[in-house]
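# Examining the three-dimensional arrangement
The primary structure of each chain is shown beneath.
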Amino acid sequence: MWARYISFFILSASMLYLVIYSIIFSFKFSLTAFFLLLVFGFSILYAIFTEFKAIKKSSKTKTTFNFLSLLCVFGGALSTYFLNIYLSQGSIIAASLIGIIGSIFFPKYSLPIYTGAFVGMISPDFSHNFYHICAACIIAGFIYELSKEIFVGAGGKLGTIAFSSWLITYLIFDLTLLQSSFNYQIGYELLLISFIGAITTYVLYNYFSLDPVLSSALISLIGALILPVIIPDLKNISPSIIMAATFAGMSSKKRENWYKMILISFIVPIFFTCSYCNLGGIGGKLGTIAFSSVLTIDGIFILLKDISYKN
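Please read all numbers here as calculations on a predicted model, not as lab measurements.

Rules used in this analysis
- Residues numbered from 1 in each chain as written.
- Predicted model: local features only at pLDDT ≥ 70, side-chain atom pairs only at ≥ 80, totals over all residues.
- Heavy atoms only, no water.
- Core = buried A, V, L, I, M, F, W, Y, C linked by side-chain atoms within 4.5 Å.
- Buried < 20%, exposed > 50% of the residue type's maximum accessible area, 1.4 Å probe, protein only.
- Contact = heavy atoms within 4.5 Å.
- Axes fitted to C-alpha atoms, helices over the stretch in contact; angles between N-to-C directions.
- Helix = DSSP H or I, 4+ residues; strand = E, 2+ residues; numbered from the N terminus.
- Parallel < 35°, antiparallel > 145°, perpendicular 65-115°, else oblique.
- Left-handed = near helix turned anticlockwise from the far one by under 90°.
- Disulfide = S-S within 2.5 Å.
- Salt bridge = Lys/Arg side-chain N within 4 Å of Asp/Glu carboxyl O.
- Expected span 1.5 Å × (residues − 1).

## Remarks on the nonpolar core
Tyr114 and Trp166 are the most contacted members of the largest nonpolar core, which totals 97 residues. Ignoring sequence-local partners within four residues, the contact set of Tyr114 consists of Ala95, Gly99, Leu158, Val213, Ser216, Ala217, Ser220, Met243, Phe247 and Met250.

Set out below in structure tokens:
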């Protein structure tokens, strides 16, 4: 039972860390976005509180630890890192390829492999060494195993695990995260890209019974290859937007229905835009953006349901 509480705290704290940074940046970016993100933040807190109550009510069965999953996280991370850094394929193409390979050849362990792939999605400009990669892999592997019974069916959870592992590594080794400038606005192009990424992944997974990892990785790879050509003005961010959206689309239909997924797809570009300048260079950030978007809509619907129930 303690494992659920530890992983719950780590994932929630890491996500809120990104959300708080997004709120702070949005104040400089747009007052409308600032107040909107304040509402989103409250909604996320409500969803987190609801998940915490569900953990308390859940059965006290012991959580089994699968060390093979830890090895799969390592394998996914190192192979993605090699493709990303040494073969210069870029983080999105590298993680997508490893996700596809893992899903086809190791379907039983596609989720920990994909989690590891997110750990390996670091920027070549991010100052690090091999020991930092290994530390993040170990942390991510343990969080993955400890969190198997929390936030079940929520898209973006795997990326948040990777993001959490890098945040902990960042704190332990006093690393320096990247900062960048954002010169784009939330236009219809970003909303459309996010919508396509989330909905296609969601449909492939939930209605065509395709593996969630394969659904996400396939759409991410296609997007990374064709979007820079179709929309050259957004070539630096469009692959990231669609990949973040596919993570949201990995949500189970038992948790998110189709109209909630549509709303989630419109939240993703907002968090992406407002978090772009901070916490850069480390893996898992796109997944955390998706996770924040999913819990935003979850919190709103849970709150509305609770209000209607009381009335």
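## Description of the packing of helix α3 (residues 67–86) against helix α4 (residues 91–105)
One way to put it is that α3 packs onto α4 with a least axis distance of 8 Å and a crossing angle of 140°. Regarding the angle of α3 to α4, the classification is oblique. Regarding α3 and α4, the two cross each other, and that crossing is right-handed. Along the contact surface, α3 presents Gly76, Ser79, Thr80, Leu83 and Asn84, while α4 presents Ser91, Ala94, Ala95 and Ile98.

## A short note on the state of the cysteines
As enumerated under the stated definition, the model contains 0 disulfides in all. Looking at the unpaired Cys72, the closest cysteine sulfur is the one in Cys137, lying at 12 Å. Among the residues examined, Cys72 registers a relative accessible area of 13% and is labelled buried. Considering cysteine sulfurs only, Cys277 is the nearest to Cys274, which forms no disulfide, with 9.2 Å between them.

## A word on the pattern of salt bridges
One pass over the structure, following the stated rule, counts 6 salt bridges. Measuring nitrogen to oxygen at the nearest pair gives 3.4 Å for the salt bridge that ties Glu256 to Arg255. Between Lys260 and Asp298 there is a salt bridge, and its shortest N-O distance comes to 3.3 Å. With Lys260 in helix α11 (residues 258–275) and Asp298 in helix α12 (residues 285–310), this residue pair connects regions lying 38 residues apart in the sequence. Judged by relative accessible area, which is 5%, Asp298 ranks as buried. Members of the salt-bridge network, linked through shared partners, are Arg255, Glu256, Lys260 and Asp298.

## Focus on the environment of Ile44
Residue position: Ile44 is located in helix α2 (residues 31–57). Judged by relative accessible area, Ile44 falls into the buried class, the value being 0%. Between the C-alpha atoms of Ile44 and Met15, which are 29 residues apart in sequence, the distance is 9.4 Å. Here Ile44 is in contact with Met15, Leu16, Val19, Phe271, Ser292, Leu295 and Thr296, once residues within four sequence places are set aside.

## Focus: helix α7 (residues 157–173)
Between the first and last C-alpha of α7 there are 24 Å, a value that for 17 residues agrees with the 24 Å anticipated at 1.5 Å per step. Within α7, 13 of the 17 residues are buried, which leaves it mostly tucked inside the rest of the structure. One or two residues past the end of α7 sits Asp174, with phi positive at roughly 55°.

## Concerning unusual backbone geometry
Even without being glycine, Ser88 reaches a positive phi, approximately 55°. Assignment of secondary structure puts Ser88 in the loop between α3 and α4. Residue Ser88 is classed as exposed on the basis of its relative accessible area, which comes to 60%. In this structure, Phe151 is a non-glycine residue whose phi angle is positive, near 50°. As for its placement among the helices and strands, Phe151 is situated in the loop between α6 (130–146) and α7.

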